[in-house]
Amino acid sequence: MAPLDPDIVSMPSPPAVIKRPLPMMEGETPPGPATAAVSTLRTSSSSVSFLTFDEDVDTRQDRHQQRRQQQQQQQQQVSLPLTESLLERTNSITPGAPSIPPPSHHYYDKGSVELAIETPVMMQRLEKRRRLTGSGANDGGDCLLIVLVGLPARGKSFIARKLLNYFSWRGNQCQIFNVGKYRRKIAQHEVKSSEAAAKEETVSQNSCKADFFDDSNQEAARMRKAAAGLAMKETLNWLECGNVTGTVSSATMQTALSFSSLASNNTDAMEDMDVTSGLESHSTRRQYHRIAIFDATNTTKERRQWILQECAKKSESLQYSKRIGVLFLESICDDPELLAENFKVKIGSCPDFKGFSQQEALADLNQRIQKYEERYEPLEDHSHESFIKIFNLSSRLMVNHIYGRLAKVVLPAIMAWNTGSRPIFLCRAGETKAMEEYTKQHGRQDDNNSNKDMAKFLAATRRKSDRLGERGRKFRDALYEFIEKEGLEFMNRRNDTVIHPTKMDTGTSISGLHETRDHTFDYTVKSRNSDNRANAKPLSIDDSSSSSSGSSNNAPSFPCLVLSSTMPRAIETATWKQNTLLVKDVSNLNPLDMGDFTGMDLYTIQKEYPEWYDQLQREPFYTRFPGGESYSDLIDRLYTIIIDIEQQLGLATVVSHVSVLQVLISYFRSTPIQQCMDIEVPLHTVFKFTPLRGGGWLESQHVLLPNDGRDEVDSGTIWDNVDGAKQPMRQESSVFLSS
Ligand SMILES: Nc1ncnc2c1ncn2[C@@H]1O[C@H](COP(=O)(O)OP(=O)(O)O)[C@@H](O)[C@H]1O
Ligand SMILES: O=P(O)(O)OC[C@H]1O[C@@](CO)(OP(=O)(O)O)[C@@H](O)[C@@H]1O
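Values in this document were obtained by computation on a predicted structure and should not be read as measured data.

Conventions used here
- Residues numbered from 1 in each chain as written.
- Chains lettered and ligands numbered in written order.
- Predicted model: local features only at pLDDT ≥ 70, side-chain atom pairs only at ≥ 80, totals over all residues.
- Helix = DSSP H or I, 4+ residues; strand = E, 2+ residues; numbered from the N terminus.
- Buried ≥ 20, exposed ≤ 12 C-beta atoms within 10 Å, placed from the backbone.
- Contact = placed C-beta atoms within 7 Å.
- Near = placed C-beta within 6 Å.
- Nonpolar A, V, L, I, M, F, W, Y, C, P; charged D, E, K, R; others polar.
- Axes fitted to C-alpha atoms, helices over the stretch in contact; angles between N-to-C directions.
- Left-handed = near helix turned anticlockwise from the far one by under 90°.
- Pairing = 2+ DSSP bridges.
- Domains from an automatic or database assignment.
- Core = buried A, V, L, I, M, F, W, Y, C linked by C-beta atoms within 7 Å.
- Expected span 1.5 Å × (residues − 1).
- Bend = angle between axes of the 7 residues up to and from the residue.
- Parallel < 35°, antiparallel > 145°, perpendicular 65-115°, else oblique.
- pLDDT = per-residue confidence, 0-100.

Draft legend 1. Up close: the overall build of the chain. Looking only at helices and strands, the chain features 25 helices and 13 strands. Per-residue burial over the chain gives 35% buried out of 739 residues. In the chain, 75% of the contacts between residues at least 6 apart in sequence involve partners at least 24 apart.

Draft legend 2. Inspection of the site of ligand 2 at higher detail. For ligand 2, the set of nearby residues contains 14 residues, the closest of which are Pro152, Val179, Gly180, Ala296 and Thr297. Looking at the shell around ligand 2, the elements that each hand over two or more residues are α9 (179-193) and α11 (218-241). Take the shell around ligand 2: its biggest share by element is three residues, from α9. Per-class residue counts for the shell around ligand 2 are five nonpolar, five polar and four charged.

Draft legend 3. Region of the structure containing the site of ligand 1. As a structural note, the neighbourhood of ligand 1 is formed by 19 residues, with Gly155, Lys156, Ser157, Phe158 and Val345 the closest of them. Counting residues per element, the shell around ligand 1 draws most heavily on helix α8 (residues 156-169), at four residues. Looking at the shell around ligand 1 residue by residue, the class counts come to eight nonpolar, seven polar and four charged.

Draft legend 4. Geometry of the packing of helix α24 (residues 631-646) against helix α25 (residues 658-669). Two elements in contact, α24 and α25, have axes whose closest approach is 10 Å; the angle formed by their N-to-C orientations is 65 degrees. For the element pair α24 and α25, the recorded crossing hand is right-handed. Side by side, α24 and α25 meet where Tyr631, Leu634, Ile635, Leu638 and Ile642 of the first sit next to Ser659, Val660, Val663, Leu664 and Tyr667 of the second. Of the residues in the contact of α24 with α25, the class split is nine nonpolar, one polar and no charged.

Draft legend 5. Examining the pairing of strand β11 (residues 685-691) more closely. Summarising burial for β11: five of the seven residues are buried, a large majority. Taken together, the seven bridges between β11 and strand β12 (residues 697-703) define a ladder with antiparallel strand orientation. Considered in β12, the bridge of Phe689 is made with Glu699. In sequence, β11 turns back onto β12 through a hairpin of five residues, with Gly695 there showing a positive phi of about 110 degrees.

Draft legend 6. Summary view of the domain arrangement of the chain. Taken domain by domain, the chain consists of domain 1 (13-117), domain 2 (128-416) and domain 3 (429-738). Counting residues at the interface gives 21 residues for domain 2 and 20 residues for domain 3. Of all elements in the fold, only α8 and α16 (404-416) reach the threshold of two or more residues within the side of domain 2 that touches domain 3. If one sorts the elements of the side of domain 2 that touches domain 3 by residue count, α8 sits on top with six residues.

Draft legend 7. How the structure looks around the nonpolar core. One finds Leu145, Ile146, Val147, Leu148 and Phe294 to be the most contacted residues of the largest nonpolar core, which totals 113 residues. If one sorts the elements of this core by residue count, α11 sits on top with eleven residues. In this structure, Ile146 is in contact with Leu163, Ile291, Ile293, Phe294, Leu327 and Leu329, ignoring residues within four places of it in sequence.

Draft legend 8. Geometry of unusual backbone geometry. A positive phi angle, close to 60 degrees, is found at Leu393, a residue other than glycine. Within the element layout of this structure, Leu393 appears in the loop between β5 (386-391) and β6 (396-400). The residue His401 is not glycine, and still its phi comes out positive at about 50 degrees. Within the element layout of this structure, His401 appears in the loop between β6 and α16. Its 18 C-beta neighbours within 10 Å are what place His401 among the partly exposed residues.

Draft legend 9. Local environment of α16. When the terminal C-alpha atoms of α16 are compared, their 18 Å separation across 13 residues agrees well with the 18 Å that a helix rising 1.5 Å per residue should span. The largest bend in α16 comes to about 35 degrees, at Val410, with the proline Pro412 one to four residues further on. Restricting attention to buried positions, one finds in α16 the residues Arg405, Leu406, Val410 and Ile414. Residues of α16 that are buried sit in contact with β4 (324-332) and β5.

Draft legend 10. Here's a closer look at the sheet that holds β6. A sheet is described by the order of its strands in space; here six strands give the open sequence β2-β3-β1-β4-β5-β6, paired in mixed fashion. Strand pairing shows two members of the sheet lacking a second neighbour, β2 (173-178) and β6, which therefore form its edges. Each adjacent strand pair in this sheet contributes to an overall mean axis angle of 15 degrees, direction not counted. Sheet analysis places β2 next to strand β3 (residues 290-295), joined by six bridges and oriented parallel. The residue bridging Cys174 from the neighbouring strand is Ile291, located in β3. Of the strands in this sheet, β1 (143-149), β2, β3 and β4 touch α8, which is tilted by about 170 degrees from β3. This element, α16, spans β4, β5 and β6 of the sheet and lies at about 15 degrees to β5.

Draft legend 11. Inspection of the environment of Phe391 at higher detail. Mapped onto the elements, Phe391 comes out in strand β5. Linking Phe391 and Ser565, residues 174 residues apart in sequence, is a C-alpha distance of 35 Å. Not counting chain neighbours up to four residues away, the residues in contact with Phe391 comprise Ile332 and Arg396.

Draft legend 12. Inspection of the packing of helix α14 (residues 336-349) against helix α15 (residues 358-375) at higher detail. Where α14 contacts α15, the axes come no closer than 10 Å and their chain directions differ by 115 degrees. Relative to α15, α14 is oriented roughly perpendicular. Crossing hand, α14 versus α15: right-handed. Where α14 approaches α15, its residues Phe343, Lys346 and Ile347 are matched on the opposing element by Gln358, Ala361, Leu362 and Leu365. Its residues assigned to classes, the contact of α14 with α15 shows five nonpolar, one polar and one charged.

Draft legend 13. How the structure looks around the pairing of β6. Two elements, β5 and β6, share five bridges in a ladder whose sense is antiparallel. Following the sheet pairing, Ile388 is matched in β6 by Val399. Adjacent in sequence and paired antiparallel, β5 and β6 are bridged by four residues, among which Asn392 carries a positive phi angle near 35 degrees.

Draft legend 14. Geometry of the confidence of the model for the chain. Averaged over all residues, the pLDDT of the chain equals 73, while 61% of them reach at least 70. Throughout residues 1-58 the model reports pLDDT below 50, and contacts reaching past four residues in sequence, or to other chains, amount to 62 contacts. Across residues 711-739, confidence stays below pLDDT 50; counting only partners more than four residues off in sequence or on other chains, it has 60 contacts. For this predicted complex, the interface confidence score (ipTM) comes to 0.97, while the overall pTM stands at 0.75.

Draft legend 15. Structural detail: the environment of Pro412. With respect to the helices and strands, the residue Pro412 is situated in helix α16. On a C-alpha basis, the gap between Pro412 and Pro568 in space is 30 Å, while along the polypeptide they are 156 residues apart.

Draft legend 16. Region of interest: the environment of Leu698. Along the polypeptide, Leu698 turns up in strand β12. Taking the C-alpha atoms as reference points, Leu698 and Glu118, separated by 580 residues in sequence, lie 53 Å from one another.

Shown next as structure tokens:
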């Protein structure tokens, strides 16, 4: 047995005597020859005050006493202004002052091995951090308000929609409140109630034109403020009790319009707000984080201050002093080419420009933006607020006071999203040999007994290692051909559109896209076959190693990240002899873990554990297999996969299993995650998701291997052939629009 590293089992004991030099303050003259170690010791301000010449090393007890004295001195100094405090410390370096502990020999390996201590300074800073955003431990019921900031056409609504989908998929309650919608509603209300309707240009039409956004237009300013007030009121109501008004009543509108300013006391005038259609919670056992997204320009300090005040007021009135955390999310874009494209998208999709010619719409939008620019005050970099600034499509990010779930969950997603057009493919592992044999032998009858036999067989084999059968291998080959065809089409589209390849450094790619001699992109890595797969590095377009190597076998070059589960059948499905793609095997993609029930079929579970089975029937999404997982647990291990897929600038392929794919498909379809068990995931079929400009995904399904008239054996879902269990929905059409 190797000897134990003494540093691991015990605290290092100091040598008997250490001769140490005194570290110097700036501008001091060295006292003697022994000054070599000065610079390293000087990095700690606390050590400076206690160093003495050639001091003897004290016992550990003494060291603790010195530490306490040191803490006391620090405590006294905390409240002093910075320069004063530093001066004090400098003056305290006197011979005979308490000594600091000896330096550790292992400082640069292990750092200090003293226990971390709580100083007042540290506590103050940590408290501020705790108050800003929950760190996960105590933020169970708290609400979050995400306030978008930015000039028009900076992608705010795009980001809002991505956030909505992401949070909803994670099981949060999330809702967007777009102030523009309230403005249009308020303007329509004015049309009905004023004589303006008779005029050639109605208030409604006027409210969409650039002049309406001019601060000197007082009537318009009043209406814009009313719209913001109304939207904020609804936002806070929703955060409090999950209720939104589907429609805004005439009386409410009138009250909102009677505002003359956004001053917080005016919101009291809106107490008559009708709150109808409630959003139902899907679980009685789960506490949701409620997240509201306030989508407006919010470009002035005054507006943002007002939002903070409104939230503080609401937080105070909430039961159990529930807190509304506020995160500002500013999108800054000053890239003229990018903006020109954004403007086109904006005028094509925003109802404000309906009926305008393209030229008129562009001119009007530009004018509107100018009006906003005149009063735009970007978020202050040195503020105490939580904010994330996104510059030019995430090419740069600035993050301020972002902790806890914001750092863990929100920030990675924001960094991953991009507006690229790359398709994503999801499919199950091919059919295994055992399954094939079973189907051959038993055929498939629709009686209950054979269903039970099948379920037993499936449960018993699900986790066993099994090679692909003949059909499984056919699917594997067809899958490669499919990806290759798609990859080449993708590259052709890219090469046709890209004029300045070197300028394509947007998105989340660090290395950007690489220019080659013939102005095409070459991401090819050397061909690897199944033999060296274990050593294969994951290939993603973000991987700079992928840029330099050329194709060794003239195989087509296109970027594609392939992720497969670590189940042998999945690995085999994503192992191609002509492979130019590197595949990453990740256990996050493994099937739902049935824990203690692994190897049991649901019939047996129902008989032996009826209570658990009833619970599963009642709450299929949240019921956890003992010692294993529930569907909702899958999200925790799949969100990193989503982020990995989202951040790709090239293609991505996922080979996995029914339960996991149901959860992933639910994300791309934007369907309620709690119903993901209803999604049918047939064998030998590729689900293709292509990004839409607004942030959604277009779905198409591609059956690569027809079923030869056989009924499908579904080897991955827990619902297989069980009486009374939910039956998967059958999709009639092969193309879905899931924006
Ligand atoms: N981070 C971003 N920076 C700049 N433009 C973006 C960003 N994200 C998305 N876009 C693009 O901005 C365009 C306008 O988006 P939209 O959400 O309507 O803007 P806004 O809500 O700010 O007026 C869309 O084409 C979208 O693709
Ligand atoms: O209240 P402010 O911050 O001005 O923002 C709301 C405004 O945002 C605007 C700015 O152009 O765009 P959008 O509706 O696209 O989000 C207007 O529709 C809307 O009135």
